[in-house]
2 protein chains.
Amino acid sequence: MTLAAERQIEDVAAVMRDVGRRARAAARRLALAPREAKDTALVEAAKRLRETEGAILAANAADVAAAKAAGVASSFIDRLTLTHARLASVAEGLETVADLADPVGETISSWTRPNGLRIERVRTPLGVVGVIYESRPNVTADAGALCLKAGNAAILRGGTDSFRSSAAIQAALVHGLAEAGLPEDAIQLVPTRDRAAVGAMLSGLDGNIDVIVPRGGKGLVARVQEEARVPVFAHLEGNCHVYVAAGADLEMAKAIVLNAKLRRTGVCGAAETLLVDRAVAASHLAPLVAALIEAGCEVRGDAETRLVDARVLPATEEDWRTEYLDAIIAVRVVDGIDAAIDHIETYGSHHTDAIVTDDERLARKFLAEVDSAIVTHNASTQFADGGEFGFGAEIGIATGRMHARGPVGVEQLTSFNYRVHGTGQTRP
Amino acid sequence: MTLAAERQIEDVAAVMRDVGRRARAAARRLALAPREAKDTALVEAAKRLRETEGAILAANAADVAAAKAAGVASSFIDRLTLTHARLASVAEGLETVADLADPVGETISSWTRPNGLRIERVRTPLGVVGVIYESRPNVTADAGALCLKAGNAAILRGGTDSFRSSAAIQAALVHGLAEAGLPEDAIQLVPTRDRAAVGAMLSGLDGNIDVIVPRGGKGLVARVQEEARVPVFAHLEGNCHVYVAAGADLEMAKAIVLNAKLRRTGVCGAAETLLVDRAVAASHLAPLVAALIEAGCEVRGDAETRLVDARVLPATEEDWRTEYLDAIIAVRVVDGIDAAIDHIETYGSHHTDAIVTDDERLARKFLAEVDSAIVTHNASTQFADGGEFGFGAEIGIATGRMHARGPVGVEQLTSFNYRVHGTGQTRP
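Chains are numbered independently. Their residues run from 1 in the order of the written sequence. Whichever chain is written first becomes A and whichever ligand is written first becomes 1, with later ones labelled in order. Side-chain atom pairs in this predicted model are given and counted only at pLDDT of 80 or more, local residue features only at pLDDT of at least 70, and totals for whole chains, interfaces and linings cover all residues. Side-chain measures here rest on the full set of heavy atoms in the structure, leaving out hydrogens and waters.

An unreviewed UniProt entry lists chain A under the name Gamma-glutamyl phosphate reductase, from Chelatococcus sambhunathii. UniProt positions are given in the numbering used here, feature names are shortened, and annotations may be inferred rather than shown by experiment. Chain A has a UniProt comment under Function (unreviewed entry) that states "Catalyzes the NADPH-dependent reduction of L-glutamate 5-phosphate into L-glutamate 5-semialdehyde and phosphate. The product spontaneously undergoes cyclization to form 1-pyrroline-5-carboxylate."

Laid out in structure tokens, this is it:
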């Protein structure tokens, strides 16, 4: 079957080069677009999504039917499926992004030099953002909206199984752009399911992609990180720790550990390892383990942990490295904060790590020395989220140290330049 | 002749992997070093440079003799040569960096969420910085010092002709590190002149280089930008413009154009093209051209410019693209600010561009719409410099949009993370 939205393409490389060129041209115009135009585009796109709900759900039904026929897993079908409620939430998401402050043009800092020059550092868009994601059609709207708000053009490449659904949603976004007088190429969907298109994006499309954001499982992120010739905002995994240190309040520790592990086990900010300091092990270890097991969590522990509860399974070296994304936790007793930090630096993924303690000195040391995008004191690791940080929305969480780190919201999708105001100054 | 400082190396790749591993280990320790230790290292290194001046100048004399024997250009010999005065200035440079504020640990911003979580965004080091430069031994000290101040380990690879000089300077830096109790691997010099070492650095040394800064001519920068698998802070060229717009004061325009072009012609912030708006061409074009020619500058103009002064040579399309780095300027009459911006976006290099005008509306438009790292209003393009910006020192100027842009000082050599202070919060 030929899809109306999918072009018959022989030369994928040529088509992708053209996508890149059009994105760059759109980005130039978008960079100068006033806030009102961008917000109008988002609000009109939300309206259009609601108006064309029937067509979008029909496109999605075709995607779902094809995926079922191909025999994919039910969790995959669940992520692929759109409903009235899910589409309503996608549309609301667009309106939420419209309500965010416009980062572009914001003066980050300014100072005056002894010669009278006033220098401003001002936020500008990044340029063109490539987003590569799996078959979750809602990402088409979420990612497109965040890129647009930050003044960037977006090149979106969703999972092949969601092609019809993503195309239908992208059509609504393009309608919004047109209504606002903005370039329709500002949010492009890669017009082919050919996997060669991904390779073309990773090569940077002749300098026409400035950054790539992969959204999806470890396999996708690993490939993008390995092959991309342009910067990538991503995290490969979230092997997050909770360290219950000396001076930890037991009830607080219990609440944080249960929340960090079990609130949602499939998110990157979920805790995977619990470290209990020997100083509090006698009082805290058994109740923490019992609480986890009684809440339905499998506990894999070191020798000391297995001694306090017969239900604890043995942990192997591999467990310290594992992001379970499931109701399983590894537990280890550590000798003091330096051993805890060593463990986290050895096995962790520099995503989100927490300390529980009432000892401010220990907390300060942990926050200063653990080299992770997010470190928390007496707070659950599950707060690792752009919304929880007050960013309004996020396109993902980055564990790299370049440009963006932690939740990537509109602000992290910008660059800056320097604007120098003189009165005729020349350099001696 | 075997150099004492150069190791006999058979397996360059293995040696470079080891350099990378040691740099990463040093970076971890350096990230936690207090300001005092870093400053002590710099001050002690400056002292050592002065104390070992004889040995450094002797090493340099050997480099210079070998380079002369190889028949290199005199400008190359000039850059390679160290003198008492130049070494004194290198030592002072180290002390200047010691005096800079420590960026590491600085709270960039902080805010409190409705649930009481206090979130801080705090500067952290980037990690390991690779610096690839030509035969200017002073860069060994300048780059090493800036990386150290920002808490980063440095892997320095200078030009092969300056190997002895750079090794002698690096020995002083390592002495400073040792005196301060900091890891000596924090500032490493690649221990071989084998060019394969550069390729190894560009590959990122198994993830042990976080960013590469090339310092040198266009050939070096182009190779690094083309081949590096890690982020690069650089500018390929500085094709900078001065646009004399409607409402420009003629005397101010003259002063700025002469300074931007001729103060120093070999720097990346030197102007290469003058754009004169038709609105002021009748009054301003001839005097600006005459002033340039009388100051010893060759002028290559479009047809209209040639009409006002018989000494103007014809400009070709190629001239608009050329970074002369010499006393030559291209001059063109443009129809209004949009045409000026179009010219700059078409031919420029996104480095530094200036508008001269008393019309605030035009200035605002130019500063907002020209997509360059630095845009100036009524100020010379030659202010494109970290020192002039008040950064104290710079490792280079970047024209990319990721992470660093414009002058790269200690602050731009840092990353950040989020530190979340709670009182037991869990996520609902």
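1. Topic: the packing of aromatic side chains
All names here are of chain B. In this scheme Phe, Tyr and Trp rings, the latter by its six-membered ring, pair at centre separations within 6.5 Å, and the angle between planes marks the pair as stacked below 30 degrees, edge-to-face above 60, and tilted otherwise. Counted by the stated rule, this structure contains 14 aromatic pairs over all chains. A ring pair is formed by W111 and Y418, whose centres lie 6.4 Å apart and whose planes are at 80 degrees; its orientation type is edge-to-face. One end of the pair, W111, is in strand β1 (residues 107-112); the other, Y418, is in strand β16 (residues 414-425), with 307 residues separating them in the sequence. Owing to a relative accessible area of 23%, W111 belongs among the partly exposed residues under this scheme. With centroids separated by 5.8 Å and ring planes inclined at 65 degrees, the aromatic side chains of F389 and F391 adopt a geometry described as edge-to-face. Across the pair, exposure class does not vary: F389 and F391 are buried alike. Helical segments are the DSSP runs of H or I of at least four residues, strand segments are the runs of E of at least two, and each set is numbered from the N terminus. Relative accessibility decides the category of a residue: with a 1.4 Å probe and only protein chains considered, values under 20% of the type maximum give buried, values over 50% give exposed, and everything between is partly exposed.

2. Remarks on the packing of helix α10 (residues 250-262) of chain A against helix α11 (residues 278-294) of chain A
Residues and elements named next belong to chain A. Throughout, an axis means a line fitted to C-alpha atoms (over the contacting stretch in the case of helices), and angles, computed between N-to-C directions, take values from 0 to 180 degrees. In the contact formed by α10 and α11, the axes pass within 10 Å of each other and the chain directions differ by 35 degrees. Here α10 runs over α11; the crossing is right-handed. Touching L250, A253, K254, V257, L258, K261 and L262 of α10 are S283, H284, P287, L288, A291 and L292, all from α11. Classifying every residue of the contact of α10 with α11 gives nine nonpolar, two polar and two charged. By convention, the crossing between two helices is left-handed when the near helix turns anticlockwise from the far helix through less than a right angle, and right-handed when the turn is clockwise. The contact criterion used is simple: two residues touch if any of their non-hydrogen atoms lie within 4.5 Å. Here the term charged refers only to Asp, Glu, Lys and Arg, the term nonpolar to Ala, Val, Leu, Ile, Met, Phe, Trp, Tyr, Cys and Pro, and the term polar to all other amino acids, Gly among them.

3. Section: the domain arrangement of chain A
For each domain, the first and last residues come from an automatic or database assignment. Each assigned domain of chain A is listed with its residue range as follows: domain 1 (12-233 + 408-418) and domain 2 (240-388). One C-alpha centre belongs to domain 1 of chain A, the other to domain 2 of chain A, and the line joining them spans 35 Å.

4. Some points on the relation of the copies chain B and chain A
Superposing chain B onto chain A takes a rotation of 180 degrees combined with a translation of 0.0 Å along the rotation axis, leaving an RMSD of 0.0 Å. Given the turn and translation reported, the copies of this chain are related as if by a two-fold rotation axis. For chain B, the minimum C-alpha distance to the rotation axis belongs to B:H403 and amounts to 2.0 Å. The fraction of interface residues of chain B whose copies in chain A are also interface residues reaches 100%, indicating that both copies meet through the same surface. The fit set for superposing copies consists of C-alpha atoms from residues with pLDDT of at least 70 in both; the fit itself is least squares.

5. Considerations on the nonpolar core
By size, the foremost hydrophobic cluster in this structure holds 78 residues, and its most contacted members are A:L49, A:L94, A:I155, A:L182, A:F233 and A:I395. In this view, A:L94 contacts A:L42, A:A45, A:A46, A:L49, A:A141, A:A145 and A:L173; residues no more than four positions away in its chain are not counted. Nine residue types can take part in a nonpolar core, namely buried Ala, Val, Leu, Ile, Met, Phe, Trp, Tyr and Cys, and a core is a set of them joined through side-chain atoms within 4.5 Å. Of all hydrophobic cores here, the second largest spans 55 residues; its members include B:L30, B:A46, B:L156 and B:V410.

6. Concerning the side chain of B:D39
All names here are of chain B. Structurally, D39 is set in helix α2 (residues 35-51). A relative accessible area of 12% places D39 in the buried class. Setting aside chain neighbours within four positions, we find D39 in contact with A98 and K149.

7. Some points on the pattern of salt bridges
Note on pairing: side chains with opposite charge can pair once their charged atoms come close. Whenever Lys or Arg places a side-chain nitrogen within 4 Å of a carboxyl oxygen from Asp or Glu, that contact is recorded as a salt bridge. Taken as a whole and judged by the stated rule, the model has 64 salt bridges over all chains. A:E251 is the salt-bridge partner of A:K254, the closest N and O atoms lying 3.6 Å from each other. Taken together, the positions of A:K254 and A:E251, both in helix α10 and three residues apart, correspond to about one turn of that helix. Judged by relative accessible area, which is 51%, A:E251 ranks as exposed. The closest approach of N and O atoms between B:R300 and B:E298, which form a salt bridge, is 2.8 Å. With a relative accessible area of 21%, B:R300 lands in the partly exposed category. What makes B:E298 partly exposed here is its relative accessible area of 28%.

8. So, the interface of chain B and chain A
Taken together, the contact between chain B and chain A spans 70 residues of the former and 70 residues of the latter. The contact between chain B and chain A buries some 5500 Å² in all, and 52% of this surface belongs to carbon and sulfur atoms. The largest per-residue losses of area from chain B upon contact with chain A belong to B:M402, B:Y418 and B:R427, which jointly make up 15% of the total buried on that side. Linking chain B with chain A are six salt bridges. By convention, the term buried area covers the 1.4 Å-probe accessible surface removed from two parts as they join, with the contributions of both added.

9. Here's the deal with the UniProt feature "domain: Aldehyde dehydrogenase" (unreviewed entry) in chain A
UniProt's feature table lists "domain: Aldehyde dehydrogenase" (unreviewed entry) at residues 18-292 of chain A, given in the numbering used throughout. The span residues 18-292 of chain A shows a helical share of 53% and a strand share of 16%, and its end C-alpha atoms are spaced 54 Å apart.

10. A short note on the sheet that holds strand β8 (residues 271-277) of chain A
Overall, mixed pairing links the 10 strands, which are arranged β10(A)-β9(A)-β11(A)-β8(A)-β7(A)-β12(A)-β13(A)-β16(B)-β2(B)-β1(B) in an open sheet. Two strands close off the open sheet at either side, each with one partner strand: β10 (313-314) of chain A together with β1 of chain B. Only strands joined by at least two bridges in the DSSP assignment are considered to pair. The pairing of strand β7 (residues 240-244) of chain A with strand β12 (residues 352-356) of chain A spans four bridges and is parallel. The residue of β12(A) that forms the bridge with A:V244 is A:V356. Contacts from α10(A) reach β7, β8, β11 (328-334), β12 and β13 (374-379) of chain A together with β16 of chain B, with the element oriented near 170 degrees to β7(A).

11. What to know about the sheet that holds strand β4 (residues 153-157) of chain B
All names here are of chain B. The strand order β5-β4-β3-β6 describes an open sheet built from four strands, whose pairing is parallel. What marks the edges here is a single partner per strand, and that holds for β5 (187-189) and β6 (211-215). Across this sheet, the average inter-strand angle for adjacent strands is 20 degrees, counted without regard to direction. Note: strand β3 (residues 128-133) against β4, five bridges, orientation parallel. Counterpart to I132 in the pairing with β4 is R157. Relative to β3, helix α6 (residues 138-149) is tilted by about 165 degrees, and along the sheet it contacts β3, β4, β5 and β6.

12. Describing the environment of A:H241
Residue and element names in this part refer to chain A. Examined against the element boundaries, H241 turns out to sit in strand β7. Along the backbone, H241 and G269 are 28 residues apart, and their C-alpha atoms lie at a distance of 9.4 Å. For H241, the residues in contact, after removing those within four places along its chain, are T273, L275, H343, I344, G348, T352, D353, A354 and T381. Identification of polar contacts relies on pairs of N or O atoms within 3.5 Å, with a donor-acceptor requirement for protein atoms, meaning one able to donate a hydrogen and the other able to accept it, and with residues adjacent in sequence counted only if both atoms are side-chain atoms. Here the side chain of H241 touches N239 through a polar contact of 3.3 Å, landing on its backbone oxygen.

13. A word on the side chain of A:Q425
Residue and element names in this part refer to chain A. Topologically, Q425 is positioned in strand β16 (residues 414-425). When its relative accessible area of 11% is taken as the criterion, Q425 is described as buried. Of note is the side chain of Q425, whose polar atom sits 2.9 Å from the backbone oxygen of N115.

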